[in-house]
Protein chains: 4
Amino acid sequence: MFNTVGIVARLDMQEALNLSLEVTEYLKSRGLNVYLEAELAKRIEAETLSLELREMRTDFIVTIGGDGTILRTCLSLSKPEPPILAVNMGVRGFLAEVTPGNVKQALNKILNGKFIIEEHWKLATFLGKERLPDALNEVFISAGIPVKLFHANIWKNGVRIAECRADGLMVATQVGSTGYSLSAGGPVLDPELEAFVLTPVCPLTVFHPVVFSAKTNLTIEILKPEKALIVIDGHYRKIFDVETRLTIAKSENKTSFIRLKEDFYQRLESRLFFARGEQG
Amino acid sequence: MFNTVGIVARLDMQEALNLSLEVTEYLKSRGLNVYLEAELAKRIEAETLSLELREMRTDFIVTIGGDGTILRTCLSLSKPEPPILAVNMGVRGFLAEVTPGNVKQALNKILNGKFIIEEHWKLATFLGKERLPDALNEVFISAGIPVKLFHANIWKNGVRIAECRADGLMVATQVGSTGYSLSAGGPVLDPELEAFVLTPVCPLTVFHPVVFSAKTNLTIEILKPEKALIVIDGHYRKIFDVETRLTIAKSENKTSFIRLKEDFYQRLESRLFFARGEQG
Amino acid sequence: MFNTVGIVARLDMQEALNLSLEVTEYLKSRGLNVYLEAELAKRIEAETLSLELREMRTDFIVTIGGDGTILRTCLSLSKPEPPILAVNMGVRGFLAEVTPGNVKQALNKILNGKFIIEEHWKLATFLGKERLPDALNEVFISAGIPVKLFHANIWKNGVRIAECRADGLMVATQVGSTGYSLSAGGPVLDPELEAFVLTPVCPLTVFHPVVFSAKTNLTIEILKPEKALIVIDGHYRKIFDVETRLTIAKSENKTSFIRLKEDFYQRLESRLFFARGEQG
Amino acid sequence: MFNTVGIVARLDMQEALNLSLEVTEYLKSRGLNVYLEAELAKRIEAETLSLELREMRTDFIVTIGGDGTILRTCLSLSKPEPPILAVNMGVRGFLAEVTPGNVKQALNKILNGKFIIEEHWKLATFLGKERLPDALNEVFISAGIPVKLFHANIWKNGVRIAECRADGLMVATQVGSTGYSLSAGGPVLDPELEAFVLTPVCPLTVFHPVVFSAKTNLTIEILKPEKALIVIDGHYRKIFDVETRLTIAKSENKTSFIRLKEDFYQRLESRLFFARGEQG
């Protein structure tokens, strides 16, 4: 079933690099052709082929790190994206299911065909006519410099529906609803709901999160200030002139995860409580 | 098109009673058969036929009051419900569009066929096997006495997904998302989204609002205390033993409004700002 | 130092009754005169003297249960209140420090004079001219029946400062700021701050929590509905006619706790995370 | 009583420049020595003396603009600061009381001695040993680049009390409690309360706003990332290495406003509702 696999890891974490090597050896021993992400290949000096993320068209990909590693990978992969098996190195990891301790067991199950594919649709963003990378979690927009008021009109399918003065504004997918959007006060979206949510950050006046059907086209017309910042999935960043409108809609692309079980609400619990030590 | 009409009004407001009389006379002059809600008939002593709400199977219904009047009407009407033209007497009125000043103009347009029908699906609630009245806005559940902790398990399509300790819990429709649910911290649901939202009131531990597809069956299993209270649309109230589970799902029934234009986001604005005088 | 002690326990919990007996035997063995709360005496059938709470003027009191047991005790004690050593039976217990496992060790330290006294001022409430029991946590006011809009004017030192439409309104002390008020969206007040906080529950229009100096007199003038409910510390309940104004101010009375160490922020952490299992 | 006056205005708003000229002429006609802020002097080309803000030691200062103009002025004035009469040009203006229409009437009253002085204490911030400008509203700290997680320990008077993972963290004064802190979910602090409030922005895990007595010393120890950003009153910005701790405490300096009446709660109302047009 799976013949080729790519390995991506968090580069600033020694345990992730070590585990990459272990996973690589294990997968080779199971007869797979393994490709390391180019930068990772330099760090762990394995005698293994390497590829840039955008060229990684393997049967599946193993990411070793946290949500940041997954989001960075999805942003760069060519479409359609290979499915991802995400290993969580004990950091912020809502999207990952497998832990370092059970990684070989998990790989074994998967190579034996015992897994499910969890598909997530993504958000497409157009800056004027330029298409930006798709978002798995969220598209965030703010003033070009921090702590500067951002003023925008919101249009739904060509009709202006609201005005927003805030620090920033984000549009989050179902998956993203448990991430940054939740921190900003947005609701959780159930996995079976085809929807995205518009959530303000520090609104100056009353502005509640609004949940839209995934069929909706949202346009953000920025009124102030002159330079705005867009951040996609926490990694892709671009400063742009506010004369250009942003349009956000459901993408034709998907990110899929290889899962051993469906467990959205269990992962939600750990997202909410991952750091018990806070405020105390 | 419309031959028969029912009139319902807020009974504790003299202006609403006066307007009921005016509207009755106008509709008679246009050749319609007018029926007053039984209690209203006693108050305004018009020589007009009267009907109980549950027998009001007229071509449409005019409600004169605020959202409370509409919700009370919907709760009692037999199914399928006649469409409602809602006149807002200057009180809390998110659902109503027509004002007393333009009521004849609006009726004239409507009798000439210039209107749109806005349909809203409702929530069905089962207390064990007993079916309770459908909700247009929300189903609210709490301990049987106020300020008493309420502890429940939440099940989605037969799978337990969460536990909640709070003052109360509500399930709100798209329409209801701008009402009580919004006050409790829930999101706004766009009119095109087929969804409902579970919102806690004063949760003791972290519990975020969750938005579910309208196809979902939610079951509330109450663990404590022994007597619980259910309130539907702010009017229907029932105390029940917590051994009985509550099941909430999309109803086959709908409430429809006669509108002159679509204006959800304009009405949302007035909902948010209807009382400027607060906190100041 | 301590010659007499009163014992109060949560009556519906067998472990609390068992521990009461153990604590009683231990304290007798250390030469103290022990008095059981009257109802507790009936349950555990010890050959020990008993007293009603309002007559319990012992050198100190041991409460065995959770915050509910402490709050019920404080509401009934004659003033000045004896200091309280609170044992937490594993339930909601922000105020309690001692656990069943270390209760003898804690009592030993205390009888040897190794303890600190943590004093908390309380809120006095006047319903017209009638003085109600003082609040250690909060005074909560709402409509007489649940899910009914409550409309009130707020006066500060004789000047009307705000209007509020909500499900309810509460005034919480510093101690109470980590309880019900926190669930309703209020801030945490640091133990050194002499202040109380006014927090709305489900406000219909925008109404933010306001923190006042403890020197402030707040008056609540209820405009609607005709019957209102006041709940003090979750236990004292009274329905009243809204013609009577409520005045809330710092009381001359205090509740004091016997503590082995100061640990407000550690207890705050456990308050926030006591139930990991929620929403998951 | 008042012999010298300084004029400061929002420079990018023609109406503010025009009003500056009018106010200058009027104050000269009343016999005062008028000094224009240096940059303003270049724009309106009046034959009037000019001064840099830090040299403006006049008897009082008139600011013409919004809250931004006031905050920029306070940040630069030498200590002790002259009292400020704030004219609001119809923009975001919580701190300003006088409107363009009644400015001459207000000046007349003030020159006749009919006014009150409203004093506000400020926050002092130390970056290691370096003292930064005092804050009238708030001190905000975040990662050096936007949408990057910020991780810090909070110390109160030398004791570590909490840990925070968030987009940012702010400490706001009583005056500032109705500004940015309110947008981030913080409470309103009553003018008579000697306190400041610590409010997180988009906390990753549960972190409630905490209100501290103004006597408290707060230290922020930043753990991640390596570069942090501090913004004081929305205008002073500095990137710093996170090895340096930040200490925040009550300053010995004050900002005072010349007011015709005390009206905190009236201004709060307009702060909350200044822009009716939002979300809809």
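Residues numbered from 1 in each chain as written. Chains lettered and ligands numbered in written order. Predicted model: local features only at pLDDT ≥ 70, side-chain atom pairs only at ≥ 80, totals over all residues. Heavy atoms only, no water.

### Thoughts on the overall build of chain A
Here is step 1: Regarding its fold elements, chain A presents six helices and 18 strands.
Here is step 2: For 280 residues, the compact-globule estimate of 2.2 N^0.38 gives 19 Å, and chain A sits close to it at 20 Å.
Here is step 3: Each of the three principal axes of chain A carries a C-alpha extent, and together these read 60 × 40 × 35 Å.
Here is step 4: Considering chain A as a whole, with its 280 residues, one finds that 64% of them fall into the buried category.
Here is step 5: Taking the intrachain contacts of chain A between residues at least 6 apart in sequence as the baseline, contacts between residues at least 24 apart amount to 66%.
Here is step 6: As displayed, chain A has an accessible area near 10500 Å², and 47% of this comes from carbon and sulfur atoms.
Here is step 7: For chain A, the centre of its 33 positive side-chain charges and the centre of its 34 negative side-chain charges are spaced 3 Å apart. (Helix = DSSP H or I, 4+ residues; strand = E, 2+ residues; numbered from the N terminus. Rg over C-alpha atoms; globule rule 2.2 N^0.38 Å. Buried < 20%, exposed > 50% of the residue type's maximum accessible area, 1.4 Å probe, protein only. Contact = heavy atoms within 4.5 Å. Areas by Shrake-Rupley, 256 points an atom, 1.4 Å probe, with all protein chains shown as cover. Lys, Arg positive; Asp, Glu negative; His and termini not counted. Charge placed at Lys NZ, Arg CZ, Asp CG, Glu CD.)

### Some details on the sheet that holds strand 12 (residues 188–189) of chain D
Here is step 1: One open sheet accounts for seven strands, arranged 17(C)-16(C)-8(C)-11(C)-13(C)-14(C)-12(D); its pairing is mixed. Edge positions in the sheet fall to strand 17 (236–241) of chain C together with strand 12 of chain D, since each of these pairs with one other strand and no more.
Here is step 2: Note that strand 8 (residues 138–143) of chain C and strand 11 (residues 168–172) of chain C share five bridges and pair antiparallel. Across the sheet, the residue bridging to Val139 of chain C is Val171 of chain C, located in strand 11 of chain C. (Pairing = 2+ DSSP bridges.)

### Considering the packing of helix 1 (residues 14–29) of chain A against helix 4 (residues 103–111) of chain A
All names here are of chain A.
Here is step 1: Running from N to C, helix 1 and helix 4 point in directions that differ by 35 degrees, and their axes come no closer than 11 Å. Between helix 1 and helix 4 lies a crossing whose hand is right-handed. Taken together, the residues of helix 4 that come into contact with helix 1 (itself represented by Leu19, Glu22, Val23, Tyr26 and Leu27) are Val103, Lys104, Leu107, Asn108 and Leu111. (Axes fitted to C-alpha atoms, helices over the stretch in contact; angles between N-to-C directions. Left-handed = near helix turned anticlockwise from the far one by under 90°.)

### Notes on the packing of aromatic side chains
Here is step 1: Enumeration over the complete set of coordinates arrives at 21 aromatic pairs over all chains.
Here is step 2: By way of ring pairs, the aromatic residues Phe2, Phe60 and Phe115 of chain A are connected into one cluster.
Here is step 3: When the ring centre of Phe257 of chain D is taken as origin, the NZ or CZ atom of Arg259 of chain D, which lies over that ring, is 4.9 Å away. (Phe/Tyr/Trp six-rings, centres within 6.5 Å; stacked < 30°, edge-to-face > 60°. Lys NZ or Arg CZ within 6 Å of the ring centre and 35° of its normal.)

### A closer look at the pattern of salt bridges
Side-chain pairs of opposite charge can arise whenever the charged atoms involved come near each other.
All names here are of chain A.
Here is step 1: Within this structure, the stated rule accounts for 64 salt bridges over all chains.
Here is step 2: A salt bridge links Asp134 to Arg131; its shortest N-O distance comes to 2.9 Å.
Here is step 3: On the accessibility criterion, Asp134 (5% relative accessible area) is buried.
Here is step 4: Here Arg131 falls in the partly exposed class, since its relative accessible area comes to 34%. (Salt bridge = Lys/Arg side-chain N within 4 Å of Asp/Glu carboxyl O.)

### Overview of helix 3 (residues 67–76) of chain C
Here is step 1: Of all ten residues in helix 3 of chain C, seven are buried; the element is thus mostly enclosed.
Here is step 2: For helix 3 of chain C, the full list of buried residues reads Asp67, Thr69, Ile70, Leu71, Thr73, Cys74 and Leu75 of chain C.

### Remarks on the domain arrangement of chain A
One frequently used descriptor of interface size is the decrease in accessible area upon assembly of the parts.
Residues and elements named next belong to chain A.
Here is step 1: By domain assignment, chain A separates into domain 1 (4–115 + 260–272) and domain 2 (123–252).
Here is step 2: The C-alpha centroid of domain 2 is placed 29 Å from the C-alpha centroid of domain 1.
Here is step 3: With 13 residues of domain 1 in contact, the opposing surface of domain 2 contributes 19 residues.
Here is step 4: For the pair domain 1 and domain 2, the summed buried surface comes to about 1200 Å²; carbon and sulfur atoms form 71% of the total.
Here is step 5: In this structure, the connection of domain 1 to domain 2 is made through zero salt bridges.
Here is step 6: Where domain 1 packs against domain 2, one counts one residue pair in polar contact (both at pLDDT 80 or more).
Here is step 7: Those elements that provide at least two residues to the side of domain 1 that touches domain 2 are helix 3 (67–76) and helix 6 (264–273). (Domains from an automatic or database assignment. Buried area = accessible area lost by both parts, 1.4 Å probe. Polar contact = N/O pair within 3.5 Å; in protein donor to acceptor, adjacent residues only side chain to side chain.)

### With respect to the sheet that holds strand 13 (residues 195–201) of chain D
Here is step 1: The strand order across the open sheet built from seven strands is 12(C)-14(D)-13(D)-11(D)-8(D)-16(D)-17(D), with neighbouring strands paired in mixed fashion. Both edges of this open sheet fall to strand 12 (188–189) of chain C together with strand 17 (236–241) of chain D, since each of them pairs with a single strand only.

### Some points on unusual backbone geometry
Glycine aside, the phi torsion of most residues is negative, and most peptide linkages are trans.
Here is step 1: The residue after Lys79 of chain D, namely Pro80 of chain D, is reached through a cis peptide bond having omega -10 degrees.
Here is step 2: Here Pro80 of chain D is to be found in the loop between helix 3 (67–76) and strand 5 (84–88).
Here is step 3: Between Lys224 of chain D and Pro225 of chain D the backbone carries a cis peptide bond, its omega angle lying at -10 degrees.
Here is step 4: With a phi close to 50 degrees, Asp233 of chain C is a non-glycine residue in the positive phi region.
Here is step 5: Here Asp233 of chain C lies in the loop between strand 16 (227–232) and strand 17.
Here is step 6: Among the residues examined, Asp233 of chain C registers a relative accessible area of 2% and is labelled buried.

### Details of helix 1 (residues 14–29) of chain B
Residue and element names in this part refer to chain B.
Here is step 1: Here helix 1 is 16 residues long and its end C-alpha atoms lie 23 Å apart, about the 22 Å a rise of 1.5 Å per residue gives.
Here is step 2: Considered for burial, the residues of helix 1 that qualify are Ala16, Leu17, Leu19, Ser20, Val23, Thr24, Tyr26 and Leu27.
Here is step 3: Among the structural elements, strand 1 (4–9), strand 2 (33–37), helix 2 (38–44), strand 4 (60–65), strand 5 (84–88) and helix 4 (103–111) are those in contact with the buried residues of helix 1.
Here is step 4: Count one or two residues on from helix 1 and you reach Gly31, which has phi positive near 90 degrees. (Expected span 1.5 Å × (residues − 1).)

### A few points about the pairing of strand 17 of chain C
Here is step 1: Pairing geometry for strand 16 of chain C and strand 17 of chain C, over six bridges, is antiparallel. Within strand 17 of chain C, the position partnered with Ile230 of chain C by the bridge is Lys238 of chain C.

### Here's the deal with the pairing of strand 4 (residues 60–65) of chain A
Residues and elements named next belong to chain A.
Here is step 1: Counting buried residues in strand 4 gives six out of six residues, a clear majority hidden from the surface.
Here is step 2: Burial along strand 4 is two-sided: the residues Phe60, Val62 and Ile64 and Ile61, Thr63 and Gly65 are all buried.
Here is step 3: Relative to strand 4, strand 1 (residues 4–9) runs parallel, the two being bridged by five bridges. Residue pairing in the sheet places Ala9 in a bridge with Ile64 of strand 4.
Here is step 4: By the bridge criterion, five bridges tie strand 4 to strand 5 (residues 84–88) in an arrangement that is parallel. Bridging from a neighbouring strand, Ile61 pairs with Ile84 of strand 5.

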